[in-house]
Amino acid sequence: MLTRIGIFVAIVFIFLGCSTIQAGNQPGDPGAETARERENVKISEVKELRGYFVKNTVKFDHDYDFRHLAISSQEDFDKYFGPAKTMTNKIDKIDFTKNAVIAIITKPSNIAKKIDLVYSERNGDELLVLYQITEGDKNTYKSTGLYLATIPKTVARVKFKSRYNVGIEEIR
């Protein structure tokens, strides 16, 4: 009786193993790219920037806890952001002759907020940016969530979309 159960279990594992192998694409097959690789292709035009902070002069609408920006010049960028240099970090450089900058900023809060780019897709001169804001631990101080990225200068309009809102910014 015990050997019959052992043989049955072995046969089930063999069938499960074979069906998994047959269902999977082999490298080099058309359509073998993974969902993550397709995502990376879409996000490749949006390059995240590190090493900047949001100036405390940035104003927020009373109805919203976030703000979207699309910036095309160094002067405008300097109105909103400053370099956050420490002994160990590197500040990414921006070439405004080739790129514009997009920003998603959360209102200062004592709850930590992390902004992640989920997906982006370009359609002509319009860029769709899907993002999510995740709340973290409560702090004894206030901080501002920030996502900064460069995009090609050929983009004229950015549509920001998250779970709760949609915002469209023209790049001037």
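This text follows the structure it describes.
This structure is a prediction, so every number in the text was calculated from the model and none was measured. (Residues numbered from 1 in each chain as written. Predicted model: local features only at pLDDT ≥ 70, side-chain atom pairs only at ≥ 80, totals over all residues. Heavy atoms only, no water.)

Colleague: Account for the environment of Glu48, with residues named and values stated.
Modeller: Note that Glu48 resides in strand S1 (residues 47-48). Glu48 gets classed as partly exposed once you look at its relative accessible area, which sits at 35%. With 54 residues separating them in the primary sequence, Glu48 and Ile102 have C-alpha atoms 9.3 Å apart. Beyond its immediate chain neighbours, meaning those up to four positions away, Glu48 contacts Asp92, Tyr147, Leu148 and Ala149. Side chain to side chain, Glu48 and Arg50 meet in a polar contact 3.3 Å long. (Helix = DSSP H or I, 4+ residues; strand = E, 2+ residues; numbered from the N terminus. Buried < 20%, exposed > 50% of the residue type's maximum accessible area, 1.4 Å probe, protein only. Contact = heavy atoms within 4.5 Å. Polar contact = N/O pair within 3.5 Å; in protein donor to acceptor, adjacent residues only side chain to side chain.)

Colleague: Tell me about the pattern of salt bridges, and name the residues and values.
Modeller: With the rule as written, the count across this model stands at 6 salt bridges. With its nearest N and O atoms 3.0 Å apart, the salt bridge here joins Glu45 to Arg122. One end of the pair, Glu45, is in the loop between helix H2 (35-43) and S1; the other, Arg122, is in strand S6 (residues 109-123), with 77 residues separating them in the sequence. Here Arg122 falls in the partly exposed class, since its relative accessible area comes to 28%. Here Glu126 makes a salt bridge to Arg157, at a shortest N to O gap of 3.9 Å. One end of the pair, Glu126, is in strand S7 (residues 126-143); the other, Arg157, is in strand S9 (residues 157-161), and 31 residues separate them in sequence. You can call Arg157 partly exposed: its relative accessible area is 33%. (Salt bridge = Lys/Arg side-chain N within 4 Å of Asp/Glu carboxyl O.)

Colleague: Give a description of the nonpolar core that names residues and reports values.
Modeller: Among the nonpolar cores identified, the biggest contains 18 residues, and Val46, Ile102, Ile151 and Val158 are the most heavily contacted of them. Looking at this core, the elements that each hand over two or more residues are strand S3 (66-71), strand S5 (99-106), S6, S7, strand S8 (146-152) and S9. Apart from the residues within four sequence positions on either side, Ile151 is in contact with Glu45, Val46, Lys98, Asn99, Ala100, Ile102, Leu127, Val158 and Ile171. Of all hydrophobic cores here, the second largest spans 17 residues; its members include Val58, Phe81, Ile91 and Val101. (Core = buried A, V, L, I, M, F, W, Y, C linked by side-chain atoms within 4.5 Å.)

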